[in-house]
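Fold and contact review
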Amino acid sequence: MTSYVIEADGGSRGNPGPAGYGAVVRDAADGQVLAEAAEAIGVTTNNVAEYRGLIAGLRAVLDLAGEGASVAVRMDSKLVVEQMAGRWKIKNEGLRPLALEAGALARRLRITEWTWIPRHRNDHADRLANEAMDAAAQGLTWKAGGTAGASGTPGTSAPGGTRSADGTRSAGGTRSAGGARSAEGEPSTGGAPSASGSPGGAEQTDLLEVAAAVPPGSPAGDVSGPAASVAAAQQRATGQAKGTGWAPPTRVATSLLLLRHGETPLSAERRFSGLGDAELTANGLAQAAAAARRLSREPYQVDAVVCSPLKRARQTAEAVARSTGLDVDVDEDLRETDFGAWEGHTFTEIQRRWPAELASWLADPEAAPPGGESFAAVADRVRRAEERLVERYEGRTVVVVSHVTPIKTLLRLALMAPPEALYRMHLDLACLSLIEHYADGRSVVKSFNDTSHLR
């Protein structure tokens, strides 16, 4: 008796935003693709699109094999998998009708497993979802067999398609449908950044995408200062139409989740902490564990963990790696600024002992502390690290565990802000920020200084 595998995915560019789904039916014995379905479904959320992808896959199996067919369902949406398996409650009433519809279809089949898979193992369904969205962005309808027909206004529903496995591919781009996903229904709490245009997206309201007028704060590496938020994403001019939610097809976004390390004895005392290899305090270890728990759950689907070589960053990264089952890669260029003679001193001590040097350092990013490193030099190596990360982990989600200056620098570069912007940012210990990089050169800051996991 033939058994089947359904792989399904969905995504929304904006969450809610223009959305689509994709589904693939395979022969469980040899992996041959037997049917495909994809559709642009207008403006909705990631979770709705994911459920619609599952429903399309279930219908495709029924059309192909009839009632009682043996089916394994595999998706990279933990929310849909856990809810359909009955392990999570459905708290979002907007999803309940879709879950009921999917459940009714599933009962007509013999479901042997509901399995969560990593995003990279669901790339076929993800591609179909993106092809459907890309076609809709051009006013076309996704069709099986590599053609697209004219449709109405982008964002309206378009018929899905199925086909036999003839080796042909459908048209469209490869912009991601999936990254951070909604944590609705998960037994944990805590916010998560949206990932519109990247893997996933988040169906929640605790996003830190706000513009703020920020007074000058402490610019020093691991030194606390007046709290301030900056999260106004600034895009490069591309000539795209504005206000539609659609953009020309791009490649999948590479998501960098920037995690500052936890507390150390020096940060607890508000002292400059550069290349000195301080360890985390007990509180710092707890902060790292809290961040790790958050990153191991939906909506996050982490593909890699990369960190600074300094011990406080490595300890924080190791906590994340343990919780996600990943290894830690070390990148020397993600280390903190070398503060030279100022290492271990407070801002007040430096102001009293090196007033002229401090004034110069605060006024000019090219100026360095005595025996130390300038912010301009830090920016050069951080830019190199960023380029390596985006190239190596293209289309994936990477947790980057580093320090105040490198993280601020990455955010500044993404915003195309001047070097002086470093002095107007504040990052708390163990905070998360999110940058998404696109192959067409655009970078978008999606969240900034998010510490909801510490509350």
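The protein chain goes by Bifunctional RNase H/acid phosphatase in an unreviewed UniProt entry, where it is assigned to Nonomuraea indica.

For helix α10 (residues 375-392), spanning 18 residues, the distance from its first C-alpha to its last is 25 Å, which sits close to the expected 26 Å at 1.5 Å a residue. For α10, the secondary structure elements touched by its buried residues are β8 (254-260), β9 (304-307), α9 (355-363), β11 (397-402), α11 (404-415) and β12 (432-437).

What follows is about the sheet that holds strand β4 (residues 70-75). On the basis of which strands lie adjacent, the open sheet formed by five strands has the order β3-β2-β1-β4-β5 and mixed pairing. Looking along the sheet, the strands with just one partner apiece sit at the ends: β3 (33-44) and β5 (110-116). With direction set aside, neighbouring strand axes in the sheet form an average angle of 15 degrees. Relative to β5, β4 runs parallel, the two being bridged by six bridges. Residue Val71 lies in a different strand from β5, and its bridge partner there is Ile111. Each of β1 (3-12), β2 (17-27), β3, β4 and β5 touches helix α1 (residues 46-65); the most contacted strand, β1, lies at about 155 degrees to it.

What follows deals with the pairing of β4. β4 sits mainly inside the fold: five of its six residues count as buried. In the sheet, β1 pairs with β4 via six bridges, with the strands oriented parallel. Bridge assignment links Tyr4 to a residue of β4, and that residue is Val71.

Turning our eyes to something else, we now look at unusual backbone geometry. Outside of glycine, negative phi angles account for most residues, and trans bonds account for most peptide bonds. Cis geometry marks the peptide bond from Glu298 to Pro299; its omega dihedral reads 10 degrees. Following the sequence through the fold, Pro299 ends up in the loop between α6 (282-295) and β9. The phi torsion at Arg270 lies on the positive side, around 55 degrees, for a residue other than glycine. Along the chain, Arg270 turns up in the loop between α5 (265-268) and α6. The partly exposed category is assigned to Arg270, whose relative accessible area is 46%. Even without a glycine there, the phi angle at Asn449 is positive, about 55 degrees. Position of Asn449 among the secondary structure elements: in strand β13 (residues 443-450).

A few words on the nonpolar core. Counting 38 residues, the largest nonpolar core has Ile6, Tyr51, Leu54, Leu58, Val61 and Val71 as its most contacted members. Only β1, β2, β3, α1, β4, α2 (78-84) and α3 (96-107) provide two or more residues apiece to this core. At ten residues, α1 tops the list of elements feeding residues into this core. Of all hydrophobic cores here, the second largest spans 26 residues; its members include Ala304, Ala385, Tyr393 and Val404.

With that out of the way, let us pick up the packing of α6 against helix α7 (residues 311-324). Here α6 crosses α7 at 35 degrees, and the two axes come no closer than 8 Å. For α6 against α7, the interelement crossing comes out right-handed. Here Leu285, Ala288, Ala289, Ala292 and Leu295 of α6 lie close against α7, whose contacting residues are Gln315, Thr316, Ala319, Val320, Ser323 and Thr324. Of the residues contributing to the contact of α6 with α7, the split by class is seven nonpolar, four polar and no charged.

Looking now at the side chain of Thr45. Relative to the helices and strands, Thr45 is located in the loop between β3 and α1. Engagement of the side chain of Thr45 in a polar contact is seen with the backbone nitrogen of Val48, the distance being 3.4 Å.

A few words now on the sheet that holds β13. On the basis of which strands lie adjacent, the open sheet formed by six strands has the order β10-β9-β11-β8-β12-β13 and mixed pairing. Lying at the two open borders of the sheet, with one neighbouring strand each, are β10 (328-330) and β13. Geometrically, the sheet is characterised by an average inter-axis angle of 20 degrees between neighbouring strands, direction not taken into account. In the sheet, β8 pairs with β12 via six bridges, with the strands oriented antiparallel. Paired with Leu256 across the bridge in β12 is Ile435. Strand contacts of α6: β8, β11, β12 and β13, with the helix running at about 160 degrees to β8, the strand carrying the most contacts.

Checked against the element boundaries, Asn130 lands in helix α4 (residues 123-137). The spacing of Asn130 and Asp9 is 121 residues in sequence and 9.7 Å in space, taken between C-alpha atoms. Engagement of the side chain of Asn130 in a polar contact is seen with the backbone oxygen of Asp126, the distance being 2.8 Å.

About the thresholds
Residues numbered from 1 in each chain as written. Predicted model: local features only at pLDDT ≥ 70, side-chain atom pairs only at ≥ 80, totals over all residues. Heavy atoms only, no water. Helix = DSSP H or I, 4+ residues; strand = E, 2+ residues; numbered from the N terminus. Expected span 1.5 Å × (residues − 1). Contact = heavy atoms within 4.5 Å. Pairing = 2+ DSSP bridges. Axes fitted to C-alpha atoms, helices over the stretch in contact; angles between N-to-C directions. Buried < 20%, exposed > 50% of the residue type's maximum accessible area, 1.4 Å probe, protein only. Core = buried A, V, L, I, M, F, W, Y, C linked by side-chain atoms within 4.5 Å. Left-handed = near helix turned anticlockwise from the far one by under 90°. Nonpolar A, V, L, I, M, F, W, Y, C, P; charged D, E, K, R; others polar. Polar contact = N/O pair within 3.5 Å; in protein donor to acceptor, adjacent residues only side chain to side chain.

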